[in-house]
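# Observations on the three-dimensional arrangement
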Amino acid sequence: MMHQTEISTISGQIAAFRQGFSARSIEKIYFVSCGGSLATISFGRCILDQLTAKVHTALMNAAEFIATAPPSVDKKTLVILNSQSGGTAETVAAARLAKERGALTLSFTTAPDSLIERESDHTVYYYDNPLDPYPTQLTIFPDVCQAAFAILDVLEGTVLFRDFEVASGRWNMSLTAT
């Protein structure tokens, strides 16, 4: 199957994040990035806001997050970040600030071994190459869904992450059969 290595990498990264998340008593989740990177993770907040009342969520521009340094960011906080390049200065600084405050951090990036990865507890790679497009399931949108489902599985006792993986596997098989 094409891209099986990338799919397995993402699944492993989400599973590691889920384990780290389940070890913490998270009460607040901030979605923090700049520009289009913030837009691409914002629907994760929508998923959580619609499906659980067990956490408070907020969406913030990384520069605003740094400037206002929300006092509620602490060890009971998860900060989810996205930097496509892995080096967006404000987003990297936001990750650093969150970790200094004891928050758990999850970053999304296309750049392995980048600054954002070094400043984050957990990292999930996504694939974005307009000249050689990857299948939809390797873009950031399903990755954010999987992270949100992993969070919901821990908070609500659902099996959405597993169901997503099963559905994705079936979709992949149908694509390779055509």
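You'll find the structure just up there.
Note that the structure is a prediction, hence the values are computed from the model and not measured.

## Overview of the sheet that holds strand β1 (residues 28-33)
Here we have five strands laid out as an open sheet, ordered β2-β1-β3-β4-β5, and parallel in their pairing. Both edges of this open sheet fall to β2 (56-61) and β5 (122-125), since each of them pairs with a single strand only. For this sheet the average axis-to-axis angle between neighbouring strands, irrespective of direction, equals 15°. Pairing analysis gives five bridges linking strand β3 (residues 77-82) to strand β4 (residues 104-109), with the strands arranged parallel. Bridge assignment links leucine 78 to a residue of β4, and that residue is leucine 104. Strands in contact with helix α1 (residues 4-22) are β3, β4 and β5; relative to β5, the strand with the most contacts, it is inclined by about 155°. Packing of helix α6 (residues 140-156) onto the sheet brings it into contact with β1, β3, β4 and β5, and relative to β4 it is tilted by some 160°.

## Some remarks on the nonpolar core
In this structure, Ile29, Leu78, Ile80, Phe108 and Ile151 are the most contacted members of the largest nonpolar core, which totals 33 residues. Every element with two or more residues in this core is listed here: α1, β1, α2 (35-51), β3, β4, β5, α6 and α7 (160-177). The dominant element in this core, judged by the number of residues it contributes, is α6, at 10 residues. Those residues within four positions of phenylalanine 108 in sequence are excluded, and the remaining contacts are Ile41, Ile80, Leu81, Asn82, Ser83, Val124, Tyr126, Ile140, Asp143, Val144 and Ala147.

## Some words on the pairing of β2
Sheet faces and side chains relate simply in a regular strand, where the side chains alternate between the two faces. Relative to β2, β1 runs parallel, the two being bridged by six bridges. What sits directly across from phenylalanine 31, in β2, is leucine 59. Between the parallel pair β1 and β2, the chain is carried across by α2, and the sense of this crossover is right-handed.

## Brief notes about α2
Spanning 17 residues, α2 covers 26 Å between terminal C-alpha atoms, matching the ideal 24 Å at 1.5 Å per step. Of the positions making up α2, those classed as buried are Ser37, Leu38, Thr40, Ile41, Ser42, Gly44, Ile47 and Leu48. On its buried face, α2 is in contact with β1, β2, β3, β4 and α6.

Cut-offs and rules
- Residues numbered from 1 in each chain as written.
- Predicted model: local features only at pLDDT ≥ 70, side-chain atom pairs only at ≥ 80, totals over all residues.
- Heavy atoms only, no water.
- Pairing = 2+ DSSP bridges.
- Helix = DSSP H or I, 4+ residues; strand = E, 2+ residues; numbered from the N terminus.
- Axes fitted to C-alpha atoms, helices over the stretch in contact; angles between N-to-C directions.
- Contact = heavy atoms within 4.5 Å.
- Core = buried A, V, L, I, M, F, W, Y, C linked by side-chain atoms within 4.5 Å.
- Buried < 20%, exposed > 50% of the residue type's maximum accessible area, 1.4 Å probe, protein only.
- Right-handed = clockwise from strand over helix to strand, strands pointing away.
- Expected span 1.5 Å × (residues − 1).

Function-wise, these values are silent; they only describe arrangement.
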